[in-house]
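A look at the structure
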Amino acid sequence: MLVVTGGGAVHAASNPELDRFYKQSLEWGSCDEYAGGAGLTAAGIECARVTVPIDYDRPDGPTARIAISRLRAGGARVASVLTNPGGPGAAGLAFPRRLAEKSALAQRFDVIGVDVRGLGASTPKVECLTPEESQAQRQDLDIDTSPTGIAQTEWEHADYAAKCVQRTGLELLGHVGTREVAHDFDVIRAVLGDEKLTYFGGSYGSKIGAAIAEMFPNQVRAMVLDAAMDPAADFLDPRYAVAGFQRAFEAYAADCAEHPGCPLGAEATTGLRNLLNPLIKRPAATADPRGLAYPDALEAVTGLLYSEQTWPVLTKGLAELAQGRGDTLLTVADKWADVADTDLHNAVKCLDGFRHNDRAAAAAADRRAREAAPAFFDGPGTGQAPLNFCAFWPVPPTSQPHVPAVSGLPKTVVVATTGDPATAYAGGRNLAEYLGAALITNTGFVHGAALQGNSCIDGPVLTYLIDLVPPADITCGGN
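Residues numbered from 1 in each chain as written. Predicted model: local features only at pLDDT ≥ 70, side-chain atom pairs only at ≥ 80, totals over all residues. Heavy atoms only, no water.

Focus on the state of the cysteines
Heads up, the rule is: When two cysteine sulfur atoms lie within 2.5 Å, the pair is treated as a disulfide. Segments assigned H or I by DSSP are reported as helices when at least four residues long, segments assigned E as strands when at least two residues long, and all are numbered from the N terminus. Only protein chains enter the accessibility calculation, which uses a 1.4 Å probe; a residue is then buried when its area is under 20% of its type maximum, exposed when over 50%, and partly exposed in between.
Summed over the entire model, instances satisfying the criterion amount to 5 disulfides. Between the sulfur atoms of Cys-350 and its disulfide partner Cys-390 the distance amounts to 2.0 Å. Of note, the bridge from Cys-350 to Cys-390 carries an S-S torsion of about -90 degrees and is left-handed in sense. Of the two residues, Cys-350 is situated in helix α14 (residues 342-352) and Cys-390 in the loop between α15 (359-372) and β9 (413-417); the sequence distance between them amounts to 40 residues. Pair check on accessibility: Cys-350 and Cys-390 agree, each one buried. Counting only the cysteines that take part in disulfides, in the order they occur along the chain, gives the pairing 1-2, 3-4, 5-6, 7-8, 9-10.

Here's the deal with the sheet that holds strand β11 (residues 474-476)
Condition: Pairs of strands are assigned from DSSP output, requiring at least two bridges between the strands. In this analysis an axis means a line fitted to C-alpha atoms, helices contributing only their contacting stretch, and an angle means the value between N-to-C directions, from 0 to 180 degrees.
Strands sit in the order β3-β4-β6-β5-β7-β8-β9-β10-β11 across an open sheet of 9 strands; the sheet is mixed. Both outer strands of the open sheet, β3 (45-53) and β11, are each paired with one neighbouring strand and no more. The average undirected angle you get between the axes of adjacent strands in this sheet is 20 degrees. With 3 bridges joining them, strand β10 (residues 438-442) and β11 adopt parallel strand pairing. Paired with Thr-441 across the strands is Thr-475, a residue of β11.

With respect to unusual backbone geometry
The amide bond that connects Gly-87 to the next residue, Pro-88, takes the cis arrangement and shows omega of 0 degrees. With respect to the secondary-structure elements, Pro-88 resides in the loop between β5 (79-84) and α2 (95-102). Non-glycine residue Asp-142 carries a positive phi angle of around 55 degrees. The backbone phi angle of Leu-451 is positive, close to 55 degrees, even though this residue is not glycine. Inspection of the secondary structure assignment puts Leu-451 in the loop between β10 and α17 (455-467).

Here we look at the pattern of salt bridges
For the record, the criterion: Within this document, salt bridges are pairs made up of a side-chain nitrogen of Lys or Arg and a carboxyl oxygen of Asp or Glu, the two lying within 4 Å of each other.
According to the stated counting rule, one finds 20 salt bridges in the structure shown. Note that Arg-359 and Glu-154 form a salt bridge whose closest N and O atoms lie 2.5 Å from each other. Taken together, the positions of Arg-359 in helix α15 and Glu-154 in helix α5 (residues 147-168) put the pair 205 residues apart, joining distant regions of the chain. Classification of Glu-154 as buried rests on a relative accessible area of 9%. A single salt-bridge network, built from bridges that share partners, covers Arg-138, Asp-288, Arg-290, Asp-296 and Asp-334.

Focus on helix α11 (residues 294-304)
α11 sits mainly inside the fold: 10 of its 11 residues count as buried. What α11 keeps buried is the set Tyr-294, Pro-295, Asp-296, Ala-297, Leu-298, Ala-300, Val-301, Thr-302, Gly-303 and Leu-304.

Points about the side chain of Arg-138
Let me state the cut-off plainly: Any pair of nitrogen or oxygen atoms within 3.5 Å is treated as a polar contact; in protein, a donor-acceptor pairing is required on top of that, and neighbouring residues in sequence qualify only through side-chain atoms on both sides. The contact definition used throughout considers only heavy atoms, calling two residues in contact when any of these lie within 4.5 Å.
Assignment of secondary structure puts Arg-138 in helix α4 (residues 131-138). The class of Arg-138 is buried, set by a relative accessible area of 18%. Within the structure, Arg-138 has its side chain in polar contact with the side chain of Asp-334 (distance 2.7 Å). Setting aside its immediate chain neighbours within four residues, Arg-138 contacts Arg-290, Pro-295, Asp-296, Leu-330, Ala-333, Asp-334 and Ala-337.

Description of the nonpolar core
Nonpolar side chains tend toward joint burial in soluble globular proteins. This is how it is decided: Note on terminology: a nonpolar core comprises buried Ala, Val, Leu, Ile, Met, Phe, Trp, Tyr and Cys residues joined through side-chain atoms within 4.5 Å.
Of all hydrophobic cores here, the largest spans 65 residues; its most connected members are Ile-68, Tyr-199, Ile-212 and Trp-393. Examining the composition of this core, we find that 7 residues originate from one element, helix α8 (residues 204-215), more than from any other. The next biggest cluster of nonpolar side chains, apart from the first, holds 38 residues, and it includes Leu-275, Leu-298, Leu-314 and Ala-375.

Re the pairing of strand β8 (residues 220-226)
Along any regular strand, the residues point their side chains to alternate faces of the sheet. For β8, the buried fraction is high: 7 of the 7 residues fall into the buried class. Two strands pair when backbone bridges link them, and β8 and β9 are joined in this way by 3 bridges, in the parallel orientation. What sits directly across from Leu-225, in β9, is Val-414.

So, in structure tokens, the structure goes:
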């Protein structure tokens, strides 16, 4: 059974009814028939599915099938390493190939990719919107904070939740949170034949890692958490989502100003708003008949701030926008729409975060977010704001932000970047403290730095994963 302890922590107690899941056999085969699996088999990757209970409190109830992939070790094998690329909602089957292209991880480990429950090739899936509805949602402004606008936005939130119930069902919607995913990873570890878990998780994957550390500390062999999140931070606080992007934008703007033709002008935030705000009334022209709508433009700008390497693309897109064209930014927005499954992303956030049902608190949070990141809002607002869509979610949370209570965990490693736009450096530093982990600090503006080709980071990380020799706290230059 699952026993809930202080702070929302969940631990697995001995339960013979779970034995059939932990002792199942895998049937590896081609990935070609798996959603998102095209081309993986040709790259030497094989796929399988692992059966898990949807509700670990009811192991005799409905089950899910978790899709996993494996890239076998090219050299002397140490163990399997389970991985997660983040999100929540980023598909994981192709992640082993990406890691192998940029690091030597696959030389010594069987690299395991996972489509977490409700996602991708795993079944059943969380499904809320049809492709056509998702495309329409991308064009929805949701920026009117007049009483009428707030009522409309909240109606849309309630309608979205109702569609999730209709198309997914309450059983799965209530059991796709990080707590359940962490338990799935322990089952996958056992089914792979590994006595202890070796794990690499980035971004949201670090939150999974923190949950594993709390739930199964004695089952961990080694763990590297990159672009680390603070599991005690409020996942649904808008400041958490935007403040880092404001800092990244200001760094980008300073760099842009050093080059001729920077489209932002003398005051960067004002310059960006002057380019974006006209799109609220009229999309910019593109070769695609959709045009570049305001939400897509904002999504593209945000996405291009994830790494200094994409700053030149942002300059190109903004320069085009200054000329009335939106082709580059629309292309970027389309790519970002495929990065993570929005429906699963929303479901996990609502299961893992504090629910905000007070309109005064919502208005205060909106005000703080606008003050923290003025480049990403259309103005100062009206002093009112709609409730977050999680206020309308049809199932209760299964965990809440908290400092993990960890005992018996071996030494782990956290990697955090000083200018990470999406997961603040302070959060990674906090996580390292919670877990008693070694901290590798990367300087620069990028989301995710480990196993990306930076020898200062990758050398100590691989030595740790292979030989279980943790590094001292070190600082490395940006990628």
